[in-house]
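Chain by chain, the residues run as shown.
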Amino acid sequence: MDKTTKSADEDRPKWDNKIQYLLTCIGFAVGLGNVWRFPYLCQIYGGGAFLIPYLIALVFEGLPLLYLELAIGQRLRLGSTGVWNSISPLLGGVGIASMIVSFLVGLFYNTILAWVLWYFFHSFQNPLPWSTCPLNVNRTGFSEECEKSTSVNYFWYRETLGITSNIEESGSIQWTMVVCLASAWCIVYICFIKGIQSMGKAVYVTATFPYLVLTIFLIRAMMLPGAVDGIKYLFTPDWEILKNPQVWLDAATQIFFSLSVAFGGLIAFSSYNDEKNNCERDAVLVGVINSATSLYASIPIFSILGFKATSAFNACQDDNILALTNQFDFSDQNITRENYNHWFNYLNNTFPSTISSLNLRTCDLQTFLDQSASGTGLAFIVFTEAVIEMPGSQIWAVLFFIMLFSLGISSMFGNIQGVLTPISDLKILPKWLPEPLVTAIVCIICFLVALIFTLGSGNYWLEVFNAYVGSVPLLIIAFFEIIGVIYVHGMKRFSDDILFMTGKRPNIFWKACWMVISPVMLLGVLIAYVALQAQTRPTYPTWNPSYEFFPQNQILEYPDWVFAIIILLSVLPIISIPIVALYGLIRRGKRRSSTRVEFSAYSNGGFESEYRQNRT
C-alpha cells in the first residue's frame, strides 16, 4: 500500500475486539424476519420439508455472498461506495444503490420499532389494553367496530394505527406514533453517537438478549396446553409441496434477505477489521447462527400458536356444548369436551333437523392450526391474542416486545451504518463536521421522511416499502457485486486477497459458487420473481368497517398513482448503477487521448491521482 492508504488505514476506526464485530454482524443478520417470516414459511410450505430448499439456498447462495462481502470490505477497508469505486469507477453506482436501499429500508424498519415501543409501554397495564373492547361514545355499550372484530384487532388497527379504509385516504397524523417514532430514532442516535465504539458496546445487549428471551419463551411455551400440537404441525413434512416452484423461490429469497447481504452494512462492518482476519470462518459462523436462530425461534412461536389454536378449538367446542345443552335441556356437565363428538354424532343422527337449525360451528384443530400469519399480523395480532390467555400476561408481553426491539435495533445498526460509512468514504461533507453531528442530521432526515408512516394510511405505505424496496433492488445489487468482484476485480486477484488475509486460498466450492452457481441462482430468482409479480396487478388488504364481509380484510388493487410510486421505489435504488457506468464511459471516451494513470484496486491514492489528473 502507498502512504496515502496507510494514513487512511490509521485514521479508520477499529473494533475493540473480535466479539464486538461478530455480534454486530449477527445482530444485523438476525432480525425481525427470523421470528415472524421464517416460521410462517415453514407453516405454509410443508413444515420440515421447507428446510430442504432453505438449506440448499443457504449453502449455494447465502454463504458465498456473505463471504464475498466480508472479504472485499476487509481487504479494501472501505464502505460500499468506496469498495466498488476502487474495483472500477464504472461500478460506483452499486455502492450508491446499496446506500439508497439501506436508507429506504431504515425508514420503515424503525417505524416498526416505534410500534413495538407503543405496545411495550402498554404492556405494563393490568388488564392489557387489547384484552377488552372500549366503551362506545355514549358509554352505553362496547364499540361496534370492536364487537364485530376482536379487541386485539381493534387495538391494532384503530388505537395504534388509526387506520383509514384505503391508501388513498391519508387520514390524520397519529401524534402518539410520532412520539414513539422520535423515541426510536433517539435510541438509534444514542447508540451511534460515537460510531462503532458506542455501537460495539450496545450490541453486547441487543445481539444477545433476544436469545435469552427466546429461551425463556421456549421453556414457558412448552408447558402450555397444545404446544406439542403446534410443534408437530411445524415439523411434520409434506414432501409433495416441494414440487411447487414457489417454495424454492421463497426459500431463496428468504435466505438472501435474512442474511442482510447487498445492504452495504456488512461491507462497512468488515472494513473496520484488521486485514489479517479469517473472514471465511466469520461468514460461515454468521450464516449458520442466523439460520439456526430462525429454527430456534420457530419452536416457541409455534408452541404458542399451538396453544392459541387449542384455546380456539376448546372455545369452539364450549360454544357448541352450551347450544346443545340449552336446546335439549341437558344438565350441566352432561356433555363435556371429552364426549362431545359422541353426543354430537348421536344427536345429529337422531334429530338432524334440530341440529341443523342450531348452526353449530365446525370445530377442527387442524383448521385452527392452518390459520397462518406473518409480519405485523403475527407480532401485533396473533401473538398479543395468545398472550391474553397466558397466566402472567403482562410479563410475557413485556419480554416479547423487548425481544422484538432488541432484534430490530441491532438490524437498524447495519442499515444506518450502510448510510453513514459511504457518506464518510465519499467525502461529500466538510471534514470539520463532527461525526455525531452527521449522524444526527441523518437520523433527523429519516425521522421527518418516516412521518408518512404515522398517517392513517401509514401502514399501507409501510407495506409498499417493505414489499418493493427490499426485493428486486437487492437481487440486482447482489448480482452486480458478484460480477464486479469475480469478473472485474478478477477471481485470481480476489483469491490472492483471501490468501493475504486468511493464509489460504478459497477452495473449489467457493470458486464454483462465485463464478457460476450463485450468479445463476440470483439471476434465476430475479427473473422468476419479476415474472410472478408481472402476472397480476399488485393488491393490498385493507381494514374497512363498512365492508360487507367485515372483519375480513377487503382486498383492493393499488390505484394508478400508487402503482407508479411502486415502480419508482423498485427502480430508484438501482438507477444509479447504469447512470454511473454510463457517466464513466463518457468520461473515459473523452480522455482517450490524455495520459492514462495506472489504477490500483488496493489504493485509493491511485484513484485520487487519476481523479486529480482528469480535473486539471
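Small disclaimer: the values here were computed from a predicted structure and weren't measured. (Residues numbered from 1 in each chain as written. Predicted model: local features only at pLDDT ≥ 70, side-chain atom pairs only at ≥ 80, totals over all residues. Heavy atoms only, no water.)

Under the defined criterion, the tally for this structure stands at two disulfides. Note that Cys316 is cross-linked by a disulfide to Cys363, the S-S spacing being 1.9 Å. Residues Cys316 and Cys363 are joined through a disulfide that is left-handed, its torsion about the S-S bond being -85°. Within this pair, whereas Cys316 is found in helix α16 (residues 279–328), its partner Cys363 is found in the loop between α18 (352–357) and α19 (365–369), the two being separated by 47 residues in sequence. Both residues of the pair, Cys316 and Cys363, belong to the buried class. Cys446 forms no disulfide, and the closest cysteine sulfur to it belongs to Cys443, at a distance of 6.4 Å. (Disulfide = S-S within 2.5 Å. Helix = DSSP H or I, 4+ residues; strand = E, 2+ residues; numbered from the N terminus. Buried < 20%, exposed > 50% of the residue type's maximum accessible area, 1.4 Å probe, protein only.)

This brings us to the packing of helix α5 (residues 51–76) against helix α14 (residues 245–258). Here α5 crosses α14 at 40°, and the two axes come no closer than 8 Å. The angle between the axes of α5 and α14 places the two elements in the oblique class. Between α5 and α14 the crossing geometry is right-handed. Along its contact with α5, which presents Pro53, Tyr54, Ile56, Ala57, Leu58, Glu61 and Leu65, the element α14 presents Val247, Trp248, Ala251, Ala252, Gln254, Ile255 and Phe256. Residues belonging to the contact of α5 with α14 are distributed by class as follows: 12 nonpolar, one polar and one charged. (Axes fitted to C-alpha atoms, helices over the stretch in contact; angles between N-to-C directions. Parallel < 35°, antiparallel > 145°, perpendicular 65-115°, else oblique. Left-handed = near helix turned anticlockwise from the far one by under 90°. Contact = heavy atoms within 4.5 Å. Nonpolar A, V, L, I, M, F, W, Y, C, P; charged D, E, K, R; others polar.)

The next thing to look at is the UniProt feature "binding site: Na(+)" (unreviewed entry) in the chain. Taken from the UniProt record, the annotation "binding site: Na(+)" (unreviewed entry) applies to Gly27, Ala29, Val30, Asn34, Ser258, Asn290, Leu407 and Ser411. Across 385 residues of sequence, these annotated residues stay compact in space, with a maximum C-alpha separation of 12.4 Å. Assignment of secondary structure puts Ala29 in helix α2 (residues 18–29). On the basis of relative accessible area, Ala29 is assigned to the buried category, the value being 4%. (UniProt positions renumbered as here; feature names shortened; annotations may be inferred.)

The next subject is the pairing of strand β1 (residues 539–542). Burial along β1 is one-sided: the residues Tyr540 and Thr542 are buried and none of Thr539 and Pro541 is. Strand direction decides the pairing type here: β1 and strand β2 (residues 554–557), joined by four bridges, are antiparallel. Within the sheet, the bridge partner assigned to Tyr540 lies in β2 and is Leu556. (Pairing = 2+ DSSP bridges.)

At a minimum axis separation of 10 Å, helix α7 (residues 92–122) and helix α24 (residues 472–502) run at an interaxial angle of 150°. Compared by their axis directions, α7 and α24 come out roughly antiparallel. Where α7 crosses over α24, the handedness of that crossing is left-handed. Counted together, Val94, Ala97, Ser98 and Val101 of α7 and Pro473, Leu474, Ile477, Phe480 and Glu481 of α24 form the full contact between these two elements.

Working definition: two side chains of opposite charge can pair if their charged atoms are close together. Tallied over the full model, the rule gives 16 salt bridges. Note that Asp282 is salt-bridged to Lys18, the shortest N-O span being 3.1 Å. Taken as a pair, Asp282 in helix α16 and Lys18 in helix α2 lie far apart in primary sequence, 264 residues in all. Note on Asp282: relative accessible area 1%, which makes it buried. For Lys18, a relative accessible area of 28% corresponds to the partly exposed category. With a shortest N-O distance of 3.5 Å, Lys148 and Glu144 are connected by a salt bridge. With a gap of four residues between them, Lys148 and Glu144 both fall in helix α8 (residues 144–148), about one helical turn apart. (Salt bridge = Lys/Arg side-chain N within 4 Å of Asp/Glu carboxyl O.)

A word on the environment of Arg337. Tracing the chain through its elements places Arg337 in the loop between α16 and α17 (340–350). In this structure, the C-alpha to C-alpha distance between Arg337 and Asn320, residues 17 residues apart in sequence, is 10.0 Å. If we skip the residues at most four places from it in the chain, Arg337 touches Asn314, Gln317, Asp318 and Ile321. In this structure the side chain of Arg337 is engaged in a polar contact, spanning 2.8 Å, whose partner is the side chain of Asp318. (Polar contact = N/O pair within 3.5 Å; in protein donor to acceptor, adjacent residues only side chain to side chain.)

Moving on to unusual backbone geometry. Of note, the amide linkage connecting Asn126 to Pro127 takes the cis form, showing an omega dihedral of 0°. The topology assignment puts Pro127 in the loop between α7 and α8. Pro551 follows Phe550 through a cis peptide bond whose omega is 20°. With respect to the helices and strands, the residue Pro551 is situated in the loop between β1 and β2.

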